[in-house]
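In case you want the letters, here they are:
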Amino acid sequence: MEARDYLKQKKRIVVKIGSAALHHEATGRLNLGKVERLVRELCDIRNQGVDVCLVSSGAIAVGRKVIGIEERPDNISTKQACAAVGQARLMMTYQKMFSEYHQTAGQILMTKGTMQDNVSRKNAQNTFEELFRLGIIPIVNENDTISTYEMQFGDNDTLSALVASLVGADLLILLSDIDGLFTDDPHKNPDAELIRVVDRLDEKISSMAKGTTGSDVGTGGMETKLTAARIATLSGADMIIANGKDVSILHDIFQGEFVGTLFLEHRDEDFYIADFIEKSLE
Ligand SMILES: Nc1ncnc2c1ncn2[C@@H]1O[C@H](COP(=O)(O)OP(=O)(O)O)[C@@H](O)[C@H]1O
Ligand SMILES: N[C@@H](CCC(=O)OP(=O)(O)O)C(=O)O
């Protein structure tokens, strides 16, 4: 079995939490206890001197509940309205909880254009760097209120990996509603087995991930998590998919415990974010 003790040495991490992991399944409402535990874990990691960045989904799901829309919206303008309301509400909740643990959080909302355009990307990079220098925890989401189809990442798995690449993180953690990458979708195949470590993202691994999401609020499924793994590992960051059901798993990861699926970094000096977006996300 591979050793994971070296994960204790990570200096800059990006943690992504999905909409499904942030909400009560029965009501679709925000799980405040979970958000609070997540914030506590992140503050504790920050207190150890590690730069921490949170990529949080949930704007549309939160906004949906505030506005009172029962069905998952599929038209873009309704999603944008939900995001406008929900992102503000989500940040209000995060700001309050981070300040209770004496940490400061800042918001960064991005579109595909932010990453494609050299000037915008550099500006975003500078802002991240300054926030880290000041000890502030950036909270990132897609700017859903103004992103129409052609400007969308569409999923925060890919966005979180691009952020990890942009800020030179050495670890990306995707907190999902599942224990990690399985040999098949475990919601459909009870014989699927958890994969502990992925050294190379080859065809065999890619074919295991299905794009369908298991929840009413999530997007992307496992396919987008493998896209994220490709971006993160080529950029020089290890990536872990772990179950966000109990967010103290972040502590376990930092203790070097064998949880989730670990994708090992394979830095490629020729990997360039803007080229990747042009080729893969059109
Ligand atoms: N090979 C696989 N291993 C694990 N989960 C898979 C796999 N293929 C598809 N999935 C599905 O992906 C879902 C996780 O993605 P998603 O619903 O988008 O959640 P999140 O909120 O974490 O983004 C799982 O619940 C599972 O149903
Ligand atoms: N940007 C969207 C989330 C998109 C997304 O990737 O959601 P998820 O699959 O739950 O991580 C929002 O905040 O509602």
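Remember, predicted model here, so these are calculated numbers, not experimental data.

Parameters and conventions
- Residues numbered from 1 in each chain as written.
- Chains lettered and ligands numbered in written order.
- Predicted model: local features only at pLDDT ≥ 70, side-chain atom pairs only at ≥ 80, totals over all residues.
- Heavy atoms only, no water.
- Helix = DSSP H or I, 4+ residues; strand = E, 2+ residues; numbered from the N terminus.
- Rg over C-alpha atoms; globule rule 2.2 N^0.38 Å.
- Buried < 20%, exposed > 50% of the residue type's maximum accessible area, 1.4 Å probe, protein only.
- Contact = heavy atoms within 4.5 Å.
- Areas by Shrake-Rupley, 256 points an atom, 1.4 Å probe, with all protein chains shown as cover.
- Lys, Arg positive; Asp, Glu negative; His and termini not counted.
- Charge placed at Lys NZ, Arg CZ, Asp CG, Glu CD.
- Pairing = 2+ DSSP bridges.
- Axes fitted to C-alpha atoms, helices over the stretch in contact; angles between N-to-C directions.
- Salt bridge = Lys/Arg side-chain N within 4 Å of Asp/Glu carboxyl O.
- pLDDT = per-residue confidence, 0-100.
- Disulfide = S-S within 2.5 Å.
- Polar contact = N/O pair within 3.5 Å; in protein donor to acceptor, adjacent residues only side chain to side chain.
- Expected span 1.5 Å × (residues − 1).
- Phe/Tyr/Trp six-rings, centres within 6.5 Å; stacked < 30°, edge-to-face > 60°.

Draft legend 1. View of the overall build of the chain. Along the chain, the regular secondary structure elements total eleven helices and eight strands. Compactness check: the chain gives a C-alpha radius of gyration of 17 Å against a globular reference of 19 Å for 282 residues, within 12% of the reference. Its C-alpha atoms give the chain principal-axis dimensions of about 50 × 45 × 40 Å. The proportion of buried residues among the 282 residues of the chain is 54%. Long-range pairs, those at least 24 residues apart, make up 75% of the contacts in the chain between residues at least 6 apart in sequence. Counting every atom, the chain has about 13000 Å² of accessible surface; 48% of that belongs to carbon and sulfur. Computing the positive centroid from 31 side-chain charges and the negative centroid from 42, the chain places the two 4 Å apart.

Draft legend 2. Structural context of unusual backbone geometry. Of note, the phi angle at histidine 102 is positive, near 60°, even though the residue is not glycine. By the secondary structure assignment, histidine 102 is in the loop between α4 (76-100) and β3 (105-110). Overall, histidine 102 belongs to the exposed group, its relative accessible area being 74%.

Draft legend 3. Geometry of the pairing of strand β2 (residues 51-56). Across the six residues that make up β2, a large majority, six, are buried. Across six bridges, the pairing between strand β1 (residues 12-17) and β2 is parallel. Of the residues in β2, the one forming a bridge with arginine 12 is aspartate 51.

Draft legend 4. Structural detail: the sheet that holds β1. With mixed pairing, the eight strands of this open sheet are ordered in space as β3-β4-β2-β1-β5-β7-β8-β6. Bordering the open sheet on either side are β3 and β6 (197-198), each of which pairs with just one other strand. Examined bridge by bridge, β6 and strand β8 (residues 261-263) share two bridges and lie parallel to one another. For valine 197, the partnering residue across the bridge sits in β8 and is leucine 262. In the packing of α4 onto the sheet, contacts are made with β1, β2, β3 and β4 (137-142), and the angle to β3 comes to roughly 155°. Across the sheet, helix α7 (residues 156-167) is in contact with β1, β2, β3, β4 and β5 (171-176); its angle to β1 comes to roughly 170°.

Draft legend 5. Inspection of the pattern of salt bridges at higher detail. For the structure shown, the criterion picks out eleven salt bridges. Between aspartate 5 and lysine 8 there is a salt bridge, and its shortest N-O distance comes to 3.8 Å. Classification of aspartate 5 as partly exposed rests on a relative accessible area of 45%. A single salt-bridge network, built from bridges that share partners, covers Arg12, Arg46, Asp51 and Glu129.

Draft legend 6. Structural context of the confidence of the model for the chain. Averaged over every residue, the pLDDT of the chain is 92; the share at 70 or more is 94%. Across the interface, the model reports ipTM at 0.96; the global pTM reads 0.94.

Draft legend 7. Geometry of the state of the cysteines. Under the criterion given, the structure shown has zero disulfides. A disulfide-free cysteine, cysteine 43 has its sulfur positioned 14 Å from the sulfur of cysteine 53, the nearest such atom. Cysteine 43 gets classed as buried once you look at its relative accessible area, which sits at 2%. Under the relative-accessibility criterion, cysteine 53 is labelled buried at 0%.

Draft legend 8. View of the side chain of serine 160. Looking at where serine 160 falls in the secondary structure, it is placed in helix α7. Polar side-chain contacts of serine 160 include one of 2.8 Å to the backbone oxygen of aspartate 157. If we skip the residues at most four places from it in the chain, serine 160 touches Val14, Lys16, Val55, Leu172 and Leu174.

Draft legend 9. How the structure looks around helix α9 (residues 223-234). Helix length check: α9, at twelve residues, gives a terminal C-alpha distance of 17 Å against a target of 16 Å (1.5 Å per residue), a fit within 8%. A positive backbone phi angle near 100° is found at glycine 236, which sits one or two residues after α9.

Draft legend 10. Region of the structure containing the packing of aromatic side chains. Scanning the model with the defined rule gives two aromatic pairs in all. Between tyrosine 94 and phenylalanine 98, the aromatic rings sit 6.3 Å apart at their centres with planes inclined by 40°, giving tilted as the arrangement. On the criterion of helical spacing, the pair formed by tyrosine 94 and phenylalanine 98 is a turn pair, its members being four residues apart in helix α4. With a relative accessible area of 1%, tyrosine 94 lands in the buried category. On the accessibility criterion, phenylalanine 98 (0% relative accessible area) is buried. Arranged with centres 6.5 Å apart and planes meeting at 25°, the rings of phenylalanine 128 and phenylalanine 132 form a pair that is stacked. With a gap of four residues between them, phenylalanine 128 and phenylalanine 132 both fall in helix α6 (residues 118-133), about one helical turn apart. For the residue pair phenylalanine 128 and phenylalanine 132, the accessibility class agrees, reading buried in each case.

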